[in-house]
Structure formats: C-alpha cells, structure tokens
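Residue strings, one per chain:
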Amino acid sequence: MSRPLYLVDSYAFIYRSYFAFVNRPLRNPSGANVSAAFGYFRFLFALFDERNPGAVAAVFDSKGKTFRHDMYCEYKATRQKTPEELIAQVPLVEEILGALGMPVLRMEGYEADDVIASLARRCAREGRECWIVSGDKDLLQLVGGSVKALRPGEGFAYRSFGVDEVKAEWGVGPERILDYLSLTGDASDNVPGVPGIGDKTALKLLLEYEGIDDIYARLDSVKPDGVKRKLEAGHESAMLSRKLITLADDLDTGIADLDSLAVDKLDFTEANGLFLREGMKSLVRGSGSGAVAGSAAPSGPSRNGTSTAPISAARVKAKRDDGSPSLFEAPGIDGETIQEGTGLRGQSLQGRNGSPGEAETPESPAGDAPGDTGSASVSGRSQAASPRAGLDAELAGAGRYEAVTDRARLAAWVDFCIAAGACAFDCETDALDELSAELVGFSLCYVPKEACYVPVRSPDTPCIPVDEALAELRRLFASPALIIGHNIKYDHHIMRRSGAPMTGRLFDTMIAAWVLDAESGGFGLEALAENRLGYTGVKFAEVVPKGSTFAAVPIADATRYAAEDADLTMRLYRLFSAELEAAGLERLFSTLEMPLVPILAAMEERGIAVRPDELKAYGIELETELERIRGEIVALVGHEFNIASTKQLQDVLFIERKLPAGKKTKTGYSTDISVLEELAALDPVPAKILRHRMLAKLKSTYVDTLAELAEKEAAGPAGGEAERASLPHGEEVRYGRVHTHYLQTGAATGRLASRDPNLQNIPIREEEGRRIREAFVAAPGKLLVSADYSQIELVVMAHLSGDPGLRAAFREGVDVHRRTASLLFNIPEDQVPADRRRIAKTINFGVIYGMSAFRLARDLGVSRTEAQSFIDAYFRTYSGVLDFIQSTIAETERSGYATTILGRRRLITAINSRNKTEKSGAERIAVNTPIQGSAADIVKLAMIRVDRAIRESRPEASLLLQVHDELILETPEGLVEETSAIVRREMENAMKLDIPLRVGIETARSWGEMH
C-alpha cells in the first residue's frame, strides 16, 4: 500500500511563526531573529509527533516572480515589503531541512500552491492518501477523495479538513472555493474579485447558482438589482481573479516516484548542531538531546550517618507513549509568549542573579568544604547540549549536590556562604500561594556547581528540626552576605512567615535578566539556564507527580531538583552581575529594583480591606442592568438572539441591519471593540452591545471575583466569623483583606503589573469603577490616603523635550490642557470651551503614545483631515516636542534601544525595519518608552522613599497599593495630616526635574470616595 504523502506549505508556517513573535522576537546567541525558523520546526515536529508521515515534502514558493505576475502586474502589489529579518530565516530553514533529510521542493515561476496542487492531483489519480499541511484557504479547493487538508489549530496542534469540514467552515464545498474567491477576491494577494461583493453575498449567490459561470449565464435572474449591477460591472475582474486563483495542477515536478519522498526518520545528527548554534535548544532531540551524563551516587553511609541509595540520572525530556523524547518545551506561538518555569511557586519563575566583586571561595577552615565530603551526594544532570560559546568553564557542566540532614553540616554550609560573601538560596514549599504555603526545605549554593538541599519535611529521611534549620538561616540572613534568589519575592514571603525574615541585601536574577533585556521574554529559570548556560535542568513535573506536592518527593529526587535550582541561580548571578556592570545598569538594578522587593512583599501580605457584601449587592444591580440592556437590544433587533455569539451578532449587524463591515476574521467580519465603537455612531445596537460587554466584564472580572476573595478572607482559615468594622453612623460591616501580586518583570517600560487579582485595571473614570472602589475601605480606626502624581507623563515629556511653552504651563501651575487649547485655537485661556479643552487633552496625551490622525479623528468624532490639522497645529505650538520625537527616533535607530532618565534600556529591534507597519510601531515605542518608563521609575523611587520615611517616623501608616501613578496608604485617623505631609514631601522630591513634580492628596474611608 502506498504511503500517505504530506505536503507542507512552508512559507505559510514561516510567516505565521514570524508574526506570532513579532512583539517579542526569539533571538539566537548572536542577536539574529530566529522566530520564524523556531516556529516552523515546532509545527513540523508536531506533525511528525502527531502523524509520523511516511512520505513528506517541504514546498516553497519560487524565488522570483511567477506566471501570475505576468498575467496581472498588480498581483500581490499591495503587500508590504517582507521584513528582512523574515527573509533572512528562509535559507536557515532550508539548511536545517537539508540536515534533517527532509525533501524540499520548489519550481521557479510557480508558487508552492501550484506544486502542492500538482502533487495532490497526482495522488488523487493514483488513489494515494494526501494531506495538504497549510492554513491557506486557497488550497482547500483541492480537498476531495483521497486528498485532505491539515490546518494549524490551537498551539501546535492540527485540525483535519475533509469535504464536510470545508463546507462547515466556509459555507461552500471545495469545488466552490475557486468561485467564492473569484467573487470576493483576496486582499492579501491583491486579487480584485468583484468590487462590492462580500462574503455573505458570495455565499448566497453560490447557494442559488451552480458556480460563477452559471451566475453570469443567468445574470438577469440575480436579485437584488444592486448585486446584479455589481456583477455586471465586475465581470472582467471576476474572470481575471479566477485565472489568478486557479492552481496550476499539471506541472511536471520531475518526481518519477512519489515514494522517493519517503522519510522514515528525521536525521538529527547534524540538525542538532544547527539548533544549538541558533539557540533553539528545545528543538534538539535524538542522541543530542536526551542523554544524561551524571552518574549515580554510590550507596553507603553519609557523613551524618544517614544512607542514600543510588540515584538514577533524571530524564532530560518528558517521554511520549512510545518512549521517545518530547520536543516541545519552549515559548508558544499563538500571539503571546508562554512563560517557562511555572512551578511550585505558582507564578512564572524567572532568572536570578547576584552582584559582582564577591570574595573568592575560601579554603575550608577545618576539614572538608561542603560538596567535597562523603555525605550523600547527587550528580547534577548534564545539559542536553554543549554550553554556550564563550561561557566560563565554571558555569558549564553538571553539578554536585548534597542532601544535608544534620545541623552541624548545615552550620558548615552557612559558614561557607557567609565567608563567600554571597550565596544562592531557594526554598521549596507544599503549595502555590505564598501567603499560605508551608516550608518543605531549602537549598544553598555559594560556588557554581556545588549545592545542597536541606529538607525540613521528607517522606524517607530524618530531617533537621525546623526550628534548628531556621536558626541557621537567621544567622545567614543577618550576615552581610548577599542573598541571591530566583523570583526572590516568593522566598521572602515564605521565610518571613516561617520566622527567618530575609533582612539583608538581595539579588534576583529574574529581575536582572529583565533589566538587561525586558523584551526577551522567557525569564523562567529553566529558560534562562537553557538560553544562557546551555543547560537543561530537571523539570518540576519530573519529580512531583500531578496532584502531589514537594513534601512527598523522596530525598534523592528532591535534592537533585532543589539543589540544582540554587546552583543554576548562582551561575546566572555570576553571568548577569558582570553584564549589568558592563551595560551601566547595575545602579538601576541595585538601588531601584531590588529595594522594591521587600516593599512589594509587605504590600502583598498586608492587602487592602474589601467589603464583600457591598460588592455582592452591586453584582445584583449589574445583573438587573445587564438583563435590561439585553431586552433593549432584542427589542431593537426584533427577535431573540444570543448576543454573546459572534456568528449571530455578525448576522444581526452586517446582514439584518446592513452596517458596514470592517476587519475580517476566519469566522467572518470582526465584532471586536474597535469595530463596535465605529459602528456605534451609526446604529444604537452596537452601542448597547458595547455597554453590555463592559458591564458583563466588570461583573465577572472584578465584582464577583473580588467579592469571593474578600468573603473567603473574611471568614478566616477555619471559615469562622468575618472581621467587622463599625462605620461612623453605627452600621457594622464585614470585610476581608484582598491581596494582589505585583510583578516587576511584567512590562518592558518598567511599570509594575498587578495580578491575581489585577487591581490596576479597575476603570477610573466610569461610575461603575467608582462603585467597585467604594468596597475598598480602611480598617477600623484608620483612613485611606491617596497620593497621585499630577500628569506625570506630560511633566516628563516637558522635561525631556525642553519645550519652553510646555514647561511654562507646568511651572505656572495652570491647567495645561486649557493652555494648550488656548494656543492651538487662539482663544483666551479663561474662555476655552469644554470641547476645545477635550481636544487639547486628547492630543497632549496622544502624542506620548504616537496617536495617528486616524485614531484622533475616531476619538474626537472629526474628519481625518481636521484631526491632522490639530496635530500639525500642536507641533507648531510645541515645536520642542516634535524635535524631541524626531531626535529620539533617530537615536534609537542608531543605538537600537530607548532609555529612561535613569538609564533603563528597552531594545527595539524593529526600529530599522523596512516594513512600514513594523517600523511605525517601533517608532511609537521608542518615543513612549523614555516618557512612560521614566514616569514608572519615578513612581518606584517614590515608593522606596515613602516606605523608608513612614517606617522611620510613622510606622503606624503603611503602603497598601500602587496603581500606576497613585499610591494608596492606610493610616490611623489621628495621623492623617502628618502622614499626608510626609508622603507629599517624599513623592515630590523623588527626582529633580526641570519642572516640579506635583502630588494630589485625598483621604477617605473608602477608595471610591476619593476619585
């Protein structure tokens, strides 16, 4: 029986992969973009894992023009120039395909679709099963009989398409795809179709007629007359489109026997070296990826008298059912990067580091140093490939790890850590939530490749009593030694709750990696170890079965996993500390980012009081309002329909109400927010849909979720009585404290991110947002204090641009938006109407984010010409701002990165792209980063100053929340004025700019009363 033939539409996957990572491109060790190549092979290997194709070929387009360009010179003319970074990866893909032994097909003068069509038709004639692997809808016309399609689905999975699936998705069978596209055209290829004939009309026509020839043969019967006129006028265009879309399925491909395309097994011998060269280590497989070098520790007594059985080498990759290694342990490709390393901590584990210049490892003062003893040891797993080029030998290779179950031995480790001046520390716990998890053990490392694990709970070995282990840790944390951690805020939480607070200097390699390159993504410990050290570590899932916890892990496996974490953290510390110094970023890291860690940890643990009953009551109101809006929508439409159904909403808006369609998706015309906002000016239904969506999201995301969290906390761990507070008028209310989590590495600009729950995205201006914030209250006897920077980003822009007009407005303390409107429209400031001030405010802030005339026109409800005239007038008025924008872009083009006032860098690799869309997006980022990033740095400095000041003089007050430019504190009622004065002083003096920073202070019992 003939082997099934799989034909891979290679350019389709290369393009898909490149643009999936366009905002966070993957780069090889030399800095070149490899996103397209990486994604392409992820898809290819997923195909082999899922299907194990017997015969397969990677099909490519002609390198030059095709016969379609000769037929129609405008063919594909509207496509933007392909990014050079993408083009450069095509030879790399072909090089690796050649190394794998994968057949590559290309015919000059023809597209890949034509080659695929010719081979598919041949398979159909021979009765051979053929699978077209592509997301291109044009190729669906080939489906039928023994020919089917495999289309990329979620992640790296595939969906199979036969005739029925094509009909279900496109409304017509494969035999009508050509006619369908001839009518609608294909904007991506500049195939014109029939002007005015869209998807719905084309489908309707093809359901009534046998095809495009039948339509034109019976044109007089086409209704309505408007469609008939469009078809008459577009006849020539339709015929041309059909010629352009018709696939050349009779090519002589030169393949005498399709079995010559058989690939029994991909050859990774040479390909692995190419993957490693390009930094794509997770693609390595076969002999180069799964080998584990470390030998087992011998049986026998350890120094402390315990016995450890031989330990087998850990698996490098998760195994499939057939025992072969699984490929996929790297970032995703569906539009965002999947953060690797999510493990016991319950959040993305991101790289850790320390500071330079620590003392060398001392000689042992008495006897063997830790790691050089006869105590139970584990050989660390060797990396799956060669270490990175140029990497110091001390940072490469397997480590030696020791289980410490004796206090004297732990004391020796602590002594050496203190003497070394720096040590990596990592704790293991039994749960994800750092506010409830209990300590299971911890690991230490003071020199690369030597580490220990200290269990305080273990299923198969005696442990040091927890109070004795913590006593040694208190001694370590009280010393001058630098404590290095990976996502060290988590460890900070656990140790404070365990009774051994980390009070000394800290270094977090997760944050160090982010400071060095915030755009790189993949700050997980595993990802950093692979990308920077060429080392594949033990995965959490390899030692902790699903449904279990680290407390149940045998000592041998626990030691291998936990000690390796500390070892890798120490190695990354050695690497990153030198890089921070060389890049001039060490001061930003050590004086801004690291002092924030304990402050954020304290804020998270403190939480803020929230009244669940208030939120529940509001939730009932919202439910009633949502049902009322739904009823209004149904009344306007004239029939019941599911407003949450995209398909039904598309029918209502674009067929029944005949509203103009905008963006097109694979399921029809888009009904996203941007589209509905434009349609809302034309029809009341989309306006009400928008309102319904907003309220539904508020209810589910904030009202219901926050009520549940507050209720749970209010009841306490045993489900007891809620905390209660008495309001001034005597009403007694319940409350529970809600704890957000702050992520320092969440934004490339330097801004803090809030999550689980996100308290930074509660709407500020809408009444609904105020109602939610009213549930956030002060504890009994206290008040909330809000300290908010006044227009800090505009202040920063005025400082950076040096524009005299903008600076004057701020120095004089006038309403800067009113002043801008006065200058733009030549109106006295005291006579500026509200609508002109609104225009000026929109432009003032829009400039920071690179707002286009199109966006401004939409936001203001004016023509694009008028919007452009506003922007031109703005830059004439504030010419210094225009100079700043132009010089910032030019400098970023030269250096490749944008910087904040404090020197924070953001790499912007697309700034020199020849692709207009990419470059314009990069230019907006280049201008925004110094402004928003500097504002974020100022807020962080303010947090450090405020925290220090209130701890020194008013410890009864405390920081609770940071929301962009606003700090929320809680203070006793009698200390409000004093606390407010301290906060204002520290925030306004956080950084000296050419224009004074101004802070607005409000106090109230609830957050909602203040805004």
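Here the structure is shown first, and the text comes after it.
Residues numbered from 1 in each chain as written. Predicted model: local features only at pLDDT ≥ 70, side-chain atom pairs only at ≥ 80, totals over all residues. Heavy atoms only, no water.

## Concerning the overall build of the chain
Turning to step 1, where the next piece is worked out: When helices and strands are counted, the chain shows 35 helices and 27 strands.
Turning to step 2, where the next piece is worked out: The 1011 residues of the chain split such that 56% are buried.
Turning to step 3, where the next piece is worked out: Restricting the contact set of the chain to residue pairs at least 6 apart, pairs at least 24 apart contribute 70%.
Turning to step 4, where the next piece is worked out: With the model as given, the accessible surface of the chain reaches about 41,100 Å², and the carbon-plus-sulfur share is 50%. (Helix = DSSP H or I, 4+ residues; strand = E, 2+ residues; numbered from the N terminus. Buried < 20%, exposed > 50% of the residue type's maximum accessible area, 1.4 Å probe, protein only. Contact = heavy atoms within 4.5 Å. Areas by Shrake-Rupley, 256 points an atom, 1.4 Å probe, with all protein chains shown as cover.)

## Here's the deal with the sheet that holds strand β22 (residues 782-789)
Turning to step 1, where the next piece is worked out: If you trace the four strands from one edge of the open sheet to the other, you get β25-β26-β22-β27, paired in antiparallel fashion. Of all the strands in the sheet, just β25 (958-963) and β27 (999-1004) have a single pairing partner and so form its edges. Averaged over all adjacent pairs, the angle separating strand axes in this sheet is 20 degrees, with direction ignored.
Turning to step 2, where the next piece is worked out: For β22 and β27, the ladder comprises six bridges, and the chain directions are antiparallel. Bridged to Leu-784 within β27 is Ala-1004.
Turning to step 3, where the next piece is worked out: Sitting on the sheet, helix α34 (residues 916-953) touches β22, β25 and β26 (966-972), and the angle it makes with β25 is about 170 degrees. (Pairing = 2+ DSSP bridges. Axes fitted to C-alpha atoms, helices over the stretch in contact; angles between N-to-C directions.)

## Brief notes about the side chain of His-486
Turning to step 1, where the next piece is worked out: Mapped onto the secondary structure, His-486 falls in the loop between β12 (482-485) and α16 (488-498).
Turning to step 2, where the next piece is worked out: Looking at His-486, its side chain comes within polar contact range of the main-chain nitrogen of Leu-525, at 3.2 Å. (Polar contact = N/O pair within 3.5 Å; in protein donor to acceptor, adjacent residues only side chain to side chain.)

## Quick notes on the sheet that holds strand β2 (residues 55-59)
Turning to step 1, where the next piece is worked out: A sheet is described by the order of its strands in space; here six strands give the open sequence β3-β2-β1-β4-β5-β6, paired in mixed fashion. Two strands close off the open sheet at either side, each with one partner strand: β3 (104-105) and β6 (158-161).
Turning to step 2, where the next piece is worked out: Here strand β4 (residues 130-133) pairs with strand β5 (residues 147-152) via four bridges, running parallel. Across the sheet, the residue bridging to Ile-132 is Ala-149, located in β5.
Turning to step 3, where the next piece is worked out: Sheet strands touched by helix α1 (residues 10-20): β1 (5-9), β2, β4, β5 and β6. Its angle to β1, the strand with the most contacts, is close to 45 degrees.

## So, the packing of helix α27 (residues 792-801) against helix α28 (residues 804-811)
Think of two packed helices as two axes; the pair is described by the angle between the axes and how far apart they sit.
Turning to step 1, where the next piece is worked out: Interaxial distance between α27 and α28 falls to 8 Å at its minimum, and their mutual angle equals 135 degrees. Taken together, α27 and α28 sit at an angle that is classed as oblique. By crossing handedness, the relation of α27 to α28 is classed as left-handed. Only Leu-806, Arg-807 and Phe-810 of α28 make contact with α27, whose side of the interface consists of Leu-794, Val-795, Met-797, Ala-798 and His-799.
Turning to step 2, where the next piece is worked out: By residue class, the composition of the contact of α27 with α28 is six nonpolar, one polar and one charged. (Parallel < 35°, antiparallel > 145°, perpendicular 65-115°, else oblique. Left-handed = near helix turned anticlockwise from the far one by under 90°. Nonpolar A, V, L, I, M, F, W, Y, C, P; charged D, E, K, R; others polar.)

## Digging into helix α22 (residues 612-637)
Turning to step 1, where the next piece is worked out: Taking 1.5 Å per residue, 26 residues should reach 38 Å; α22 reaches 37 Å between its end C-alpha atoms and fits that length.
Turning to step 2, where the next piece is worked out: Within the span of α22, buried status applies to Pro-612, Leu-615, Tyr-618, Gly-619, Leu-622, Leu-626, Ile-629, Ile-633, Val-634 and Val-637.
Turning to step 3, where the next piece is worked out: At the exit of α22 stands Gly-638, carrying a positive phi of roughly 100 degrees. (Expected span 1.5 Å × (residues − 1).)

## Some thoughts on the environment of Ser-577
Turning to step 1, where the next piece is worked out: Relative to the assigned elements, Ser-577 resides in helix α20 (residues 555-582).
Turning to step 2, where the next piece is worked out: A residue is classified by how much of its surface remains accessible, and Ser-577, at 5% relative accessible area, is buried.
Turning to step 3, where the next piece is worked out: Between the C-alpha atoms of Ser-577 and Ala-512, which are 65 residues apart in sequence, the distance is 7.9 Å.
Turning to step 4, where the next piece is worked out: Within the structure, the side chain of Ser-577 is placed 2.8 Å from the backbone oxygen of Tyr-573, a separation counted as a polar contact.
Turning to step 5, where the next piece is worked out: At a separation of 3.4 Å, a polar atom in the side chain of Ser-577 contacts the main-chain carbonyl oxygen of Arg-574.

## Concerning the nonpolar core
Turning to step 1, where the next piece is worked out: If you look at the biggest cluster of nonpolar residues, it comprises 201 residues, and the most contacted ones within it are Phe-425, Leu-444, Leu-476, Met-495, Phe-550, Ile-772 and Tyr-789.
Turning to step 2, where the next piece is worked out: For this core, the element with the highest residue contribution is α20, accounting for 13 residues.
Turning to step 3, where the next piece is worked out: Residues within four places of Met-495 in sequence aside, it is in contact with Phe-425, Leu-439, Leu-470, Leu-473, Phe-477, Ala-500, Pro-501 and Met-502.
Turning to step 4, where the next piece is worked out: Counting 47 residues, the second-largest nonpolar core is a separate cluster that includes Ala-37, Ala-46, Ile-96 and Met-102. (Core = buried A, V, L, I, M, F, W, Y, C linked by side-chain atoms within 4.5 Å.)

## Some details on the environment of Glu-708
Turning to step 1, where the next piece is worked out: Among the structural elements, Glu-708 can be located in helix α25 (residues 684-715).
Turning to step 2, where the next piece is worked out: Remark: the alpha-carbon pair of Glu-708 and Pro-612, spanning 96 residues in sequence, is separated by 7.1 Å.

## Let's talk about the pairing of β25
Turning to step 1, where the next piece is worked out: Extensive coverage of β25 is indicated by the burial of six of its six residues.
Turning to step 2, where the next piece is worked out: Looking at chain direction, β25 and β26 are connected through five bridges and run antiparallel. Pairing of Val-963 across the sheet is with Glu-966, part of β26.
Turning to step 3, where the next piece is worked out: If you look at the hairpin formed by β25 and β26, you'll find two residues sitting between the two strands, and His-964 has a positive phi there, around 60 degrees.

## A look at the packing of α27 against α34
Turning to step 1, where the next piece is worked out: At a minimum axis distance of 9 Å, the contact between α27 and α34 shows a crossing angle of 115 degrees. The handedness of the crossing between α27 and α34 is right-handed. Listed contacts from α34 to Ile-792, Glu-793, Val-796, Met-797 and Leu-800 of α27 are Pro-930, Ile-931, Gln-932, Ser-934, Ala-935, Ile-938 and Val-939.
Turning to step 2, where the next piece is worked out: Taken together, the residues that form the contact of α27 with α34 break down as nine nonpolar, two polar and one charged.

## Quick word on unusual backbone geometry
Turning to step 1, where the next piece is worked out: With omega at -5 degrees, the peptide bond leading from Lys-223 into Pro-224 counts as cis.
Turning to step 2, where the next piece is worked out: Tracing the chain through its elements places Pro-224 in the loop between α10 (212-217) and α11 (225-233).
Turning to step 3, where the next piece is worked out: Although it is not a glycine, Lys-449 adopts a positive phi angle of roughly 75 degrees.
Turning to step 4, where the next piece is worked out: Checked against the element boundaries, Lys-449 lands in the loop between β10 (439-447) and β11 (450-455).
Turning to step 5, where the next piece is worked out: A relative accessible area of 24% places Lys-449 in the partly exposed class.

Any functional reading would require information beyond the geometric quantities listed.
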